[in-house]
Amino acid sequence: MSLAVGTCVGDYEIVARLGDGSTGRTYKAICISSDNPNVARNEIVALKILSLAGNRDEVRAAIETRAAVLSSLSHANIGLCREIFLPSGGLADRLCVVSEFLYGETLADRIAKQSVGIAWEQVKDILNQCIAGFVHAHERGAVHGNIKPSNIFITREGTARLVDFAPLIGTAGSLESGLLNVAGLDYSAPELASDQAGGPDMQADVFSLGVCCYQAIAGHLPFPQLEGDAVAAFRARWLGTEELKPAFRAGAFTIVGSECREFLLLSMRKDRKHRFRTFAEMQEKLSRVIVRHIEGKARYELISYLGHG
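Residues numbered from 1 in each chain as written. Predicted model: local features only at pLDDT ≥ 70, side-chain atom pairs only at ≥ 80, totals over all residues. Heavy atoms only, no water.

> An account of the nonpolar core is needed here, citing residue identities and associated values.
W120, I152, L209, I217, F253, F263 and L264 are the most contacted members of the largest nonpolar core, which totals 68 residues. With 11 residues, helix α5 (residues 202–218) is the single largest residue contributor to this core. Setting aside residues no more than four positions away along its own chain, L264 makes contact with G210, C213, Y214, I217, F248 and F253. Y12, I14, C31 and L91 belong to the second-largest nonpolar core, a separate cluster that totals 15 residues. (Core = buried A, V, L, I, M, F, W, Y, C linked by side-chain atoms within 4.5 Å. Buried < 20%, exposed > 50% of the residue type's maximum accessible area, 1.4 Å probe, protein only. Helix = DSSP H or I, 4+ residues; strand = E, 2+ residues; numbered from the N terminus. Contact = heavy atoms within 4.5 Å.)

Here it is as structure tokens:
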């Protein structure tokens, strides 16, 4: 269902349609209420509308829990969640997530502009900011559950912000599965392929951020993109006994030393026991990754990969 400009949803009036994601449709909207405790009148917000199934009372209870967690996040590297609510009327089977409106571009946009990868120092800066946001979120019990390049926003000032935290993750058991199954499975942790998975956690977020980092450096995913029935392909990929490892043939990996390969492998290990356990561990290892130098009559530091001939 696409909403026309001027349609009102709760306290918000649709201004423009921003786009469709794997879990819902996002609009630019304006708050038209003077009584909303979370958003000021005439403030521009991002309004995401998701389809949900299941018992409405259970969903409402889950939303109240999750909204309290997400509203507690206040960090320079996290996009603010203003409120989560169930609309009435013709949208009674939907879930609305209201977030601050940001100006800039996503990491996915930036990767699309750089087919051979983004310069390492830019990637490292974005990654360090994301890790800082994750540390803050996990200290407050918030798991993202759907991290991918389109959910890493880079503002005009250069600040990286984690956006679009999955609105039901970790709050209502099976309620979260409907969102996970259509999320960015190319970035999802291997353990989530199992029916016994308890949902995403910190190490699942670590894996997803590692995939984003690899793609930003190389310009492509570390593993073949899932096609057809993405859920079935995701399960087939990760439920086997084989330990998949990414190749490092992209020219961009000539810019950085072996520490970068080790960092990425520890971020994306299939076996959780061999993956970074925390973002603090991830950040410490990241600090050791440096660009290569070439010695001659002068010393040259490699900045970014441009191509080959």
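> I'd love a proper account of unusual backbone geometry, names of residues and values included.
The phi dihedral of N42 falls on the positive side, at around 75 degrees, and the residue is not glycine. Looking at the secondary structure, you find N42 in the loop between β3 (25–31) and β4 (44–51).

> Just give me the short version of the packing of aromatic side chains, but keep the residues and values in it.
Tallied over the entire structure, the rule returns 9 aromatic pairs. Here F134 and F279 contribute two aromatic rings whose centre-to-centre distance is 4.5 Å and whose plane-to-plane angle is 5 degrees, an arrangement assigned as stacked. Here F134, found in helix α3 (residues 120–139), pairs with F279, found in helix α8 (residues 279–286); they are 145 residues apart in sequence, far enough to count as distant. Across the pair, exposure class does not vary: F134 and F279 are buried alike. Between F223 and W238, the ring centres sit 5.4 Å apart and the planes meet at 90 degrees, which makes this aromatic pair edge-to-face. (Phe/Tyr/Trp six-rings, centres within 6.5 Å; stacked < 30°, edge-to-face > 60°.)

> With reference to specific residues and values, describe the sheet that holds β4.
The strand order across the open sheet formed by 6 strands is β1-β2-β3-β4-β6-β5, and the pairing between neighbours is antiparallel. Strands with a single pairing partner mark the edges of an open sheet, and in this sheet they are β1 (8–9) and β5 (81–85). Where β5 and strand β6 (residues 94–100) come together, 4 bridges link them in antiparallel fashion. Directly across from E83, in β6, lies its bridge partner V98. (Pairing = 2+ DSSP bridges.)

> Describe α8, naming the residues involved and giving the relevant values.
Of the positions making up α8, those classed as buried are F279, M282, K285 and L286. For α8, the arc enclosing every buried residue in end-on projection is 120 degrees, short of the 170-degree limit, so these residues lie on one face. Lining the buried residues of α8 we find α3, α5 and α7 (258–267). Between a side-chain oxygen at the N-terminus of α8 and the backbone nitrogen of A280 the separation is 3.4 Å; the capping residue is T278. (Arc of directions from axis to C-beta. Polar contact = N/O pair within 3.5 Å; in protein donor to acceptor, adjacent residues only side chain to side chain.)

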